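If you want the building blocks of each chain, they are given just below.
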Amino acid sequence: MSGWLAQIDPRLSELGSALLIAAIGVAVALLLHHLLYGLLARLARASESKADDVVVEALRHPTRYAMIALGLAFEARLSVLIAQVWDKLGGFLMPALVGWIALSGLNAFVRASALDGEAADSKDTRRRRTRLAIFARIGAFLIVFVTVGLMLLSIPGVRDVGLTLMASAGLAGLAVGAAAQPALKSLIAGLQMALTEPINIGDLVLVDGESGRVEDIKTTHVVLRTWDERHVVVPTSKFLETTFQNWTRDGGELIGTVLLHLDPLSEIAPLRAEFERQLGANPLWDKRHAALRVTESAAGSIEVRLAMSARDPGVLFELRCAVREGMLEWIRKHQPTAIARQRTEQNGEG
């Protein structure tokens, strides 16, 4: 019995010593992280920019666990038992922690870049948001891909499987290439969207009869938000391979029209004067363009086109509605004979 206890006691002593060393290493790592994070947080609060606050806050949790991992790696030099455990787990944990830090830093950089003083609807702001969104998703994909690969390579069984597959590299290459084709196509499409910039976040576009604001751009699809709060999901390839309309490509200014179908005997000069008066009194008009033209004529009616400009599509829609209502009201009150009607005439012979 005493001999069995003599064999057990050294193991318990070694385990207790290893746990004590590990606890000390974790405590020191947490203390150092607390002091370092407190210093960085104080410096971030002292600055006028909010971007550094976002970065420091985003890196708080991943760096805490990274410090703990570094403390255990250092303590592995002092304990054989800790070293044995760390040799089995370190190769799996360190890539995961580094990938977590990289991913958190990337997301923090994207959020911090959005904290600027420029107008949210300006062209430069929308272009930057679009590029950041696309490159952030591509970067996140690459970080996750590399991190998972490094984690799997740390598992001996996975390495053995990889060596076995090398014997049939030709078939494996074809299979991997076929499986990865959609992902690679989406990745390349995302790069094309970021470099060529056919659309940006916030643009107003018309695709397949659906108009809406670009709410989000992903590597595989684009999300449009329509005026009636619907979300239309369009494949990214649609914007690279087919024709679509971008109403805010270089700016939001647009010219819109209102069509009135009136009687051929209508007096055009009073209509033009009233149209110009209503536009001049409407703050939605940006004073760039205004024109009234008779664009079509037929036996029973004429088509009068009222053209006007506004600073963006949303304002233009409201301006067109206001002008249409105002002109129809004026015609009913001041020129009711301009309302198109069907005439029948008799020759008077009886």
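Nothing here was measured: the structure is a model prediction, and the numbers come from that model.

What counts as what
- Residues numbered from 1 in each chain as written.
- Predicted model: local features only at pLDDT ≥ 70, side-chain atom pairs only at ≥ 80, totals over all residues.
- Heavy atoms only, no water.
- Helix = DSSP H or I, 4+ residues; strand = E, 2+ residues; numbered from the N terminus.
- Buried < 20%, exposed > 50% of the residue type's maximum accessible area, 1.4 Å probe, protein only.
- Contact = heavy atoms within 4.5 Å.
- Pairing = 2+ DSSP bridges.
- pLDDT = per-residue confidence, 0-100.
- Salt bridge = Lys/Arg side-chain N within 4 Å of Asp/Glu carboxyl O.

**Comments concerning unusual backbone geometry**
Excluding glycine, residues mostly carry a negative phi; peptide bonds, for their part, are mostly trans.
And step 1. Positioned with a positive phi, D208 is a non-glycine residue whose angle comes to about 50°.
And step 2. Within the fold, D208 resides in the loop between β1 (204-207) and β2 (210-217).
And step 3. With relative accessibility at 63%, the residue D208 sits in the exposed group.
And step 4. With phi around 65°, K287 is a residue other than glycine that occupies positive phi space.
And step 5. Locating K287 in the fold gives a position in the loop between α9 (268-281) and β7 (290-297).

**Quick look at the environment of G252**
And step 1. Position of G252 among the secondary structure elements: in the loop between β5 (245-246) and β6 (254-262).
And step 2. When residues no more than four places from it in sequence are discounted, the contact partners of G252 are A310, R311, D312 and P313.

**Here we look at the pairing of strand β3 (residues 221-225)**
And step 1. Relative to β3, β2 runs antiparallel, the two being bridged by 4 bridges. Counterpart to I217 in the pairing with β3 is V222.
And step 2. The hairpin formed by β2 and β3 contains 3 residues between the paired strands.
And step 3. Pairing analysis gives 5 bridges linking β3 to strand β4 (residues 231-235), with the strands arranged antiparallel. From the neighbouring strand, H221 faces β4, where its bridge partner is P235.
And step 4. Between β3 and the antiparallel strand that follows it, β4, lie 5 residues; E229 among them carries a positive phi value of about 70°.

**Considerations on the confidence of the model for the protein**
Caution is warranted with low-pLDDT regions, since their predicted coordinates should not be read in detail.
And step 1. Summarising the model, the protein shows a mean pLDDT of 76, and 73% of its residues fall at 70 or more.
And step 2. By mean pLDDT, helix α6 (residues 156-166) is the weakest element of the protein at 54, and strand β8 (residues 302-310) is the strongest at 92.
And step 3. Under a pLDDT of 50 for its full length, residues 1-6 has, in the predicted model, 1 contact with residues more than four places off or in other chains.
And step 4. Every residue in residues 165-172 is under pLDDT 50, and counting partners more than four places away or in other chains gives 1 contact.

**Quick notes on the sheet that holds β3**
And step 1. One open sheet holds the 5 strands; their spatial order is β4-β3-β2-β1-β5, and the pairing between them is antiparallel. At either margin of the open sheet sits one strand with a lone partner, and together these are β4 and β5.

**Quick notes on the pattern of salt bridges**
And step 1. Evaluation of the coordinates by the stated rule reveals 10 salt bridges.
And step 2. D312 is the salt-bridge partner of R311, the closest N and O atoms lying 3.8 Å from each other.
And step 3. With a relative accessible area of 18%, D312 lands in the buried category.
And step 4. The partner of E329 in a salt bridge is R332, with the nearest N and O atoms 2.8 Å apart. Placement of the pair is E329 and R332 together in helix α10 (residues 313-334), with a separation of 3 residues, close to one helical turn.
And step 5. By relative accessible area, E329 is classed as partly exposed at 32%.
And step 6. Bridged by salt links that share partners, the residues E210, D228 and R230 form one connected network.

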